[in-house]
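Below are the chains, spelled out letter by letter.
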Amino acid sequence: SQQGEEDPQALSIQEGENATMNCSYKTSINNLQWYRQNSGRGLVHLILIRSNEREKHSGRLRVTLDTSKKSSSLLITASRAADTASYFCATDSSNSGYALNFGKGTSLLVTP
Amino acid sequence: KAGVTQTPRYLIKTRGQQVTLSCSPISGHRSVSWYQQTPGQGLQFLFEYFSETQRNKGNFPGRFSGRQFSNSRSEMNVSTLELGDSALYLCASSLQGTGNTIYFGEGSWLTVV
């Protein structure tokens, strides 16, 4: 079952702009991970944020987590054409039994 | 360090046949999980193995099975293939499961005709 829901479903921006994607989930989580997927390829891990953390950074990526609102956001700063991909959030919880629950993803298009 | 390796990358099977997909996790990782990705259903959890034991199984019929070997390598098998089994099958590995960073392979594209 899908736990996370990304918003927006699709996002189109120009190079150099920032891209923000949101993820909402329904039940309490232990961890939330963000992944990138280029068309037809596997998932590339971006960031893991734990339920007791509020913000993490990795290069041009910034992830926030608000457990009170059951939501997370992924910010990509100074986007590049190479950032064009689908982005997924995945959660795990005490009830998920070692399974990641994925949202349907946000499709990001960065045009030169 | 080599990543998660899945074989084969692409395969075409006929309805009713069976298929076996293979996954080699990152060295030192003992947890291996499998996911099915389709346009309609998205990414869905199939099962997870740790030290040769299945710890959890998703909501898939019994035609989907898997196993893990003592070297942590894993295989999944789908018997009596149906057209709806056409999907990208992704293997993922981590040190001990959720709670650790989970790394995915490139996937195996299965087309059932």
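That block above? That's the structure.
Residues numbered from 1 in each chain as written. Chains lettered and ligands numbered in written order. Predicted model: local features only at pLDDT ≥ 70, side-chain atom pairs only at ≥ 80, totals over all residues. Heavy atoms only, no water.

Caption draft 1: Molecular detail of the layout of surface pockets. Here the largest pocket is characterised by a volume of approximately 380 Å³. Taken together, 23 residues line the largest pocket, and the ones lying closest to its centre are Q37(A), F88(A), Q37(B), T38(B) and P39(B). (1 Å grid on protein atoms, 1.4 Å probe; cavity = no way out; pocket = protein on both sides within 12 Å on 5 of 7 lines; lining within 4 Å. Points joined across faces, edges and corners; volume = space filled by probe spheres on them.)

Caption draft 2: Structural detail: the sheet that holds strand β1 (residues 5-7) of chain A. All names here are of chain A. The 5 strands lie next to each other as β1-β3-β8-β7-β6, forming an open sheet whose pairing is antiparallel. Unpaired on one side and paired on the other, β1 and β6 (55-58) mark the two borders of the sheet. Neighbour to neighbour, the strand axes of the sheet diverge by 15° on average, direction disregarded. In this structure, strand β3 (residues 19-24) lies alongside strand β8 (residues 71-76), joined through 6 bridges in antiparallel fashion. Residue N22 lies in a different strand from β8, and its bridge partner there is S73. (Pairing = 2+ DSSP bridges. Helix = DSSP H or I, 4+ residues; strand = E, 2+ residues; numbered from the N terminus. Axes fitted to C-alpha atoms, helices over the stretch in contact; angles between N-to-C directions.)

Caption draft 3: Representation of the state of the cysteines within the structure. Counting across every chain of the model gives 2 disulfides over all chains. Through a disulfide, C23(A) is tied to C89(A); the S-S separation comes to 2.0 Å. Between C23(A) and C89(A), the disulfide has an S-S torsion of 70° and is therefore right-handed. Of the two residues, C23(A) sits in strand β3 while C89(A) sits in strand β9 (residues 85-92), which places them 66 residues apart along the sequence. Here C23(A) matches C89(A) in class, with each residue buried. Between C23(B) and C91(B) runs a disulfide, and the two sulfur atoms are separated by 1.8 Å. Given an S-S torsion of about -65°, the disulfide between C23(B) and C91(B) has left-handed geometry. You can see C23(B) sitting in strand β3 (residues 19-24) and its partner C91(B) sitting in strand β9 (residues 87-94), a full 68 residues away along the chain. (Disulfide = S-S within 2.5 Å. Buried < 20%, exposed > 50% of the residue type's maximum accessible area, 1.4 Å probe, protein only.)

Caption draft 4: How the structure looks around the pattern of salt bridges. A full pass over the atoms with the stated rule returns 8 salt bridges over all chains. The salt bridge partner of R60(A) is D83(A), with a shortest N-O separation of 2.9 Å. Residue R60(A) is found in the loop between β6 and β7 (61-66), and its partner D83(A) is found in the loop between β8 and β9; the two are separated by 23 residues along the sequence. What makes R60(A) partly exposed here is its relative accessible area of 23%. With a relative accessible area of 8%, D83(A) lands in the buried category. Among the ionic pairs, R63(B) bridges to D85(B), the shortest N-O distance being 2.8 Å. Of this pair, R63(B) sits in the loop between β6 (53-57) and β7 (64-68) while D85(B) sits in the loop between β8 (74-78) and β9; the two residues are 22 residues apart in sequence, bridging distant segments of the chain. For D85(B), a relative accessible area of 4% gives the class buried. (Salt bridge = Lys/Arg side-chain N within 4 Å of Asp/Glu carboxyl O.)

Caption draft 5: Just the packing of aromatic side chains, in detail. Applying the stated criterion across every chain, the model contains 9 aromatic pairs over all chains. With 5.6 Å between their ring centres and 65° between their planes, Y35(B) and F45(B) make a pair best called edge-to-face. Taken together, the positions of Y35(B) in strand β4 (residues 31-38) and F45(B) in strand β5 (residues 42-50) put the pair 10 residues apart, joining distant regions of the chain. For the pair formed by Y35(B) and F45(B), the shared burial category is buried. Aromatic ring contacts, followed pair by pair, group Y35(A), F88(A), F102(A), Y35(B), F45(B) and F104(B) into a single cluster. The residue whose ring lies beneath R55(B) is Y98(A), and the NZ or CZ to ring-centre distance is 3.5 Å. (Phe/Tyr/Trp six-rings, centres within 6.5 Å; stacked < 30°, edge-to-face > 60°. Lys NZ or Arg CZ within 6 Å of the ring centre and 35° of its normal.)

Worth remembering: the numbers are spatial, not functional.
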